[in-house]
2 protein chains.
Amino acid sequence: MRLSGRCQTAPLPEEGPGAQGCACLSTEDHSLGWVRSFRPQKQNLFLHVNDGSSLKSLQVIAPAGMNDPLLGFGCAVEVKGILKKSPHSKQPVELEAEQIRVIGECNPVDFPFKIKERHSLEYIRQFLHLRCRTNAFSSLLRIRSEATAAVHSYFKNNGFLLIHTPTITSNDCEGAGELFQVEPPGTTFANEGSFFSVPVYLTVSGQLHLEVMSGAFPRVYTFGPTFRAENSQSRRHLAEFFMVEAEISFTESIEDLTKVMEELFRSVTESVLAHCEEDVDLFHKYVAPGHRVSPEGHSITYTEAIDILKRSSETFTFPTDWGCDLMTEHEKFLVKHCGNIPVFVTDYPYDLKPFYARDNQDHPKHTAAAVDLLVPGVGELCGGSLREERLDLLRSRLGEYLDLRRFGSVPHGGFGLGFERYLQCILGVDNIKDVIPFPRFSHSCLL
Amino acid sequence: MRLSGRCQTAPLPEEGPGAQGCACLSTEDHSLGWVRSFRPQKQNLFLHVNDGSSLKSLQVIAPAGMNDPLLGFGCAVEVKGILKKSPHSKQPVELEAEQIRVIGECNPVDFPFKIKERHSLEYIRQFLHLRCRTNAFSSLLRIRSEATAAVHSYFKNNGFLLIHTPTITSNDCEGAGELFQVEPPGTTFANEGSFFSVPVYLTVSGQLHLEVMSGAFPRVYTFGPTFRAENSQSRRHLAEFFMVEAEISFTESIEDLTKVMEELFRSVTESVLAHCEEDVDLFHKYVAPGHRVSPEGHSITYTEAIDILKRSSETFTFPTDWGCDLMTEHEKFLVKHCGNIPVFVTDYPYDLKPFYARDNQDHPKHTAAAVDLLVPGVGELCGGSLREERLDLLRSRLGEYLDLRRFGSVPHGGFGLGFERYLQCILGVDNIKDVIPFPRFSHSCLL
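Residues numbered from 1 in each chain as written. Chains lettered and ligands numbered in written order. Predicted model: local features only at pLDDT ≥ 70, side-chain atom pairs only at ≥ 80, totals over all residues. Heavy atoms only, no water.

Peer 1: Got a minute to help me understand the sheet that holds strand β15 (residues 379-387) of chain B in this structure?
Peer 2: Working definition: the strands of a sheet are paired by backbone hydrogen bonds and lie parallel or antiparallel to each other. Residues and elements named next belong to chain B. The 8 strands are arranged β6-β10-β11-β16-β15-β14-β13-β12 in an open sheet whose pairing can be described as mixed. Unpaired on one side and paired on the other, β6 (161-162) and β12 (298-301) mark the two borders of the sheet. Of the strands in this sheet, β6, β10 (219-227) and β11 (240-249) touch helix α2 (residues 135-157), which is tilted by about 150° from β10. Strands β12 and β13 (343-349) of the sheet are contacted by helix α6 (residues 302-311), whose axis makes an angle of about 90° with β12. (Pairing = 2+ DSSP bridges. Helix = DSSP H or I, 4+ residues; strand = E, 2+ residues; numbered from the N terminus. Contact = heavy atoms within 4.5 Å. Axes fitted to C-alpha atoms, helices over the stretch in contact; angles between N-to-C directions.)

Peer 1: How do you make sense of unusual backbone geometry when you look at a structure like this?
Peer 2: Phi is mostly negative for residues that are not glycine, and the peptide bonds are mostly trans. Residues and elements named next belong to chain A. Cis geometry is found at the peptide bond from H363 to P364, where omega equals 10°. When you line up the elements, P364 lands in the loop between β13 (343-349) and β14 (367-375). Positive phi values are uncommon outside glycine, yet Q361 reaches one of about 45°. The topology assignment puts Q361 in the loop between β13 and β14. The exposure class of Q361 is partly exposed, given its relative accessible area of 47%. (Buried < 20%, exposed > 50% of the residue type's maximum accessible area, 1.4 Å probe, protein only.)

Peer 1: Just to check I follow, could you spell out the relation of the copies chain A and chain B for this structure?
Peer 2: Each of the two chain copies can be generated from the other by rotation about an axis followed by a shift along it. You can overlay chain A on chain B at an RMSD of 0.0 Å; the transform is a turn of 180° with a shift of 0.0 Å along its axis. The relationship between the two copies is best expressed as a two-fold rotation axis. When each C-alpha of chain A is compared by its distance to the rotation axis, V182 of chain A comes out closest, at 2.4 Å. Looking at chain A, 99% of its interface residues are interface residues in chain B too, so the copies touch through the same face. (Least-squares fit on C-alpha atoms with pLDDT ≥ 70 in both.)

Peer 1: Would you take a moment to explain the packing of helix α6 (residues 302-311) of chain A against helix α7 (residues 328-337) of chain A for this structure?
Peer 2: If you want to describe how two helices pack, look at the angle between their axes and the distance between the axes. Residues and elements named next belong to chain A. The interhelical angle for the contact between α6 and α7, taken along N-to-C directions, is 90°, at an axis separation of 11 Å. By the angle between their axes, α6 is roughly perpendicular relative to α7. In this structure, α6 uses A305, I308 and L309 to contact α7, whose residues at the interface are H330, F333, L334 and H337. Looking at the contact of α6 with α7 residue by residue, the class counts come to 5 nonpolar, 2 polar and no charged. (Parallel < 35°, antiparallel > 145°, perpendicular 65-115°, else oblique. Nonpolar A, V, L, I, M, F, W, Y, C, P; charged D, E, K, R; others polar.)

Peer 1: Before we go on, may I ask you to explain the nonpolar core in this structure?
Peer 2: Side chains of a nonpolar character, in soluble globular proteins, are inclined to be buried together. Grouped together as the largest cluster of nonpolar side chains are 95 residues, with contacts concentrated most on L71, L141, F155 and Y422 of chain A together with M213 of chain B. Counting residues per element, this core draws most heavily on helix α2 (residues 135-157) of chain A, at 10 residues. Not counting chain neighbours up to four residues away, the residues in contact with L141 of chain A comprise C132 and P437 of chain A together with L161, I163, M213 and F217 of chain B. (Core = buried A, V, L, I, M, F, W, Y, C linked by side-chain atoms within 4.5 Å.)

Peer 1: Honestly, the interface of chain A and chain B in this entry has me stumped. Any pointers?
Peer 2: The figure often quoted for interface size is the accessible area lost as the parts come together. Between chain A and chain B, the residue contacts involve 96 residues of the former and 96 residues of the latter. Where chain A packs against chain B, one counts 2 salt bridges. One can count 26 residue pairs in polar contact (both at pLDDT 80 or more) joining chain A with chain B. Here the side of chain A that touches chain B gets 10 residues from one element, more than from any other, and that element is α2 of chain A. Looking at the side of chain A that touches chain B residue by residue, the class counts come to 53 nonpolar, 27 polar and 16 charged. The pairing of strand β8 (residues 181-183) of chain A with strand β8 (residues 181-183) of chain B spans 3 bridges and is antiparallel. Within the sheet, the bridge partner assigned to Q181 of chain A lies in β8 of chain B and is E183 of chain B. (Salt bridge = Lys/Arg side-chain N within 4 Å of Asp/Glu carboxyl O. Polar contact = N/O pair within 3.5 Å; in protein donor to acceptor, adjacent residues only side chain to side chain.)

Peer 1: It is not clear to me how the pairing of strand β3 (residues 58-63) of chain B should be interpreted in this structure. Could you clarify?
Peer 2: Two faces belong to every sheet, and in a regular strand the side chains alternate between them. Residue and element names in this part refer to chain B. The buried count for β3 comes to 5 of 6 residues, which makes it a mostly enclosed element. Across 6 bridges, strand β2 (residues 44-50) lies against β3 in antiparallel orientation. Following the sheet pairing, H48 is matched in β3 by Q59. Pairing of β3 with strand β5 (residues 93-104) involves 3 bridges; the strand directions are parallel.

Peer 1: Quick question: what am I supposed to make of the environment of F419 of chain B here?
Peer 2: Residues and elements named next belong to chain B. Its place among the elements puts F419 in helix α10 (residues 419-427). According to the relative accessible area criterion, F419 is buried, its value standing at 1%. Each C-alpha atom of the pair F419 and F242 lies 5.4 Å from the other, and the pair is 177 residues apart in sequence.

Peer 1: Please clarify how the packing of α2 of chain B against α10 of chain B should be interpreted in this entry.
Peer 2: Residues and elements named next belong to chain B. Between α2 and α10, whose axes approach to 11 Å, the crossing angle comes to 120°. Relative to α10, α2 is oriented so that their crossing is right-handed. Only F419, E420, Y422, L423 and L427 of α10 make contact with α2, whose side of the interface consists of L140, I143, R144, A147, T148 and V151. Counted by class, the contact of α2 with α10 contains 8 nonpolar, 1 polar and 2 charged residues. (Left-handed = near helix turned anticlockwise from the far one by under 90°.)

Peer 1: Whenever I open this one, the domain arrangement of chain A confuses me. Can you help?
Peer 2: Residue and element names in this part refer to chain A. As assigned here, chain A comprises domain 1 (28-111) and domain 2 (131-434). Summarising the inter-unit geometry, the C-alpha centres of domain 1 and domain 2 are found 45 Å apart. Interface of domain 1 and domain 2: buried area, both sides summed, is about 730 Å²; carbon and sulfur atoms make up 44% of it. Counting the surface domain 1 buries against domain 2, the share from its top three residues, R36, L55 and F111, is 65%. In this structure, the connection of domain 1 to domain 2 is made through 1 salt bridge. The partner of E278 in a salt bridge is K56, with the nearest N and O atoms 3.8 Å apart. The interface formed by domain 1 and domain 2 includes 4 residue pairs in polar contact (both at pLDDT 80 or more). (Domains from an automatic or database assignment. Buried area = accessible area lost by both parts, 1.4 Å probe.)

Here it is as structure tokens:
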């Protein structure tokens, strides 16, 4: 987690070779990739060729006569030659070129990224179709791919079945007003003439669909895009974002849920740190200097959280009475109070949580078995609850939701984790648009 | 692949315990799960308890006195007792119950699935929210989860980076007319007042977004939902389906592409057959008797395909002249002709393929470097092509698509594989709605 301030608007590392080494597309005598640095000298040409497999590039040395007017920063090349032990300590090997072929040229005037210049995340974000060519965004994409694999590994190793929950749904879930509706162009959103005969929406959560599967599988999860038509340009919101959601059956304990959330967080983070060390370092060095990630968390109840807030000398804008929702300022304070580590807050007031959260029946306080995971810099990363499985307590509510409780229903609970917020959290990235390949938000849907 | 006829409308295996064995949630003295069979006898009760981890259920024996009016087919139970070596050869162990607790009851009159009855896939499809409780659909879901993991493993082990391509896009890809448009309810699809300021659609393909990433990574893939607003109730089409798509850079050879398609198919199929043997057997035994899968494929050119069709004694409804598209009847014939194995057809007439397919410049025939994979029972499973990277040949076309070719462009190609069709193909399932958890098609979007 971030422990110190970050300098998001500061320039990133220069576009250049990164740490030197040997790249993946390179074999003994052959290298394919993109030129990340180019130094023509009197006797020799020096190139760094990167193939996307890591920040490392391969140093290529060629006689000056092999220069080509098309050769330069950003172009794609094929180099044939002899791989030799490098005389320089900063790279193990280098390629002595016998032939260089420019596969794809790159006009340096038009190309928006310049050699040896430092570009901010804001600057590169303007060029969505080209930003994968920068050091920072190529690192982000490798981290994102690794984190995704780690999510699937965690669940597979822990007996969870992956369910592909649908994107289009006729269910408006929590009755949230922030839905996108879907129709072929030219159709009206009427009921009978419409494509699906009923109004349909982009999913805001796969929870209901996972609960369906909880009736046959004790552990299920989904990982895919979810949607909110929130009219927000904030650094924390996207119209389309990725969410990890899980449901666990045969449990009546919120600790069972918290344990899975904590293990998932730790396991994915450890995997990313182990397999993408250099890429993560780029963020911790240039994007959020001093940022640290602590995979260990701490758990408190909502009631304890309110006590901590009330006892503090801090002045808050919003009230801190029992029964009030925790606001961003409160969440930040609690995370700091607990030592800038992930904080699980459990057992919220019943009235603050959705109808499906399980009633703790602990009058007079009256809480629900719900848990939120708060993390430094990001705030709420995960939210979950035990689900109310008792038919009589649900009777006054939804139709099919009730049917799920009629046939061999079991106590269960689940949670959702915002994948982009997770990436922001471990990397210290301030703006959510910088951790997703193609950000969609109000008034912006490029490509 | 299917070699013999199938009997899709025939009833499935009876709802019952499946092959006996020990279930996952069961420990030495404890079992949680759902009752799959229930036989009260004079002296003893016999139950089979299934926990979703496989078709296998645990046999439970209890004294007749432990019967409970709520105990029966479909209910969820917790059983405590002693796990013993079974005297019967068909199961290694059984649980002698000391205590049985009904966790969730299941009214046998209302529950749509009956003990010892055989239900067809058509019948169980009517109960989308409960069909995971049947043997057949729980097998399907385990196979689907395993196949997904195998897709990710194949790509990870072969140096591909996963890219989360977007669901909402302002790009209408191939200009296909069958798009879904997206807006918050109550908004008109005008340009300026709309949420994204431009008309946006649900993606029909992640190809363009992968091509963006091909400019920095030699091997990328995506796996997620794609959409078609096709007004079809056919057994082959869905409005929302899952697609695996990949792009490979630094290649000018269609064989490189075909090789990845073939390896992907073989690797995923081998993994499913190895890890879900019993679940696959259920389909090959009851759903498509005699169905076999051959992971080995055969490759022919379009020109060879036309020769085969012309030389055959078969009468076709559609013409088989060079330049005509291959129709379903032709695809079926070719697959059968090659011995009911996967058939790659390459180098189609240039005019039959989209603008981005690479021109083979082989006048007078004039073909494009495109490939389709045809499989028994399903038809086209995969389609791919080398992409035209030569700027001058593309100049008269798209805007940003051109920009991707300006800065260090490299020869590349890619393909898409329909994941549901893949599952139909390996399992012999006739209707695509039976291989996806929540099918969406025209006039149907349940849950």
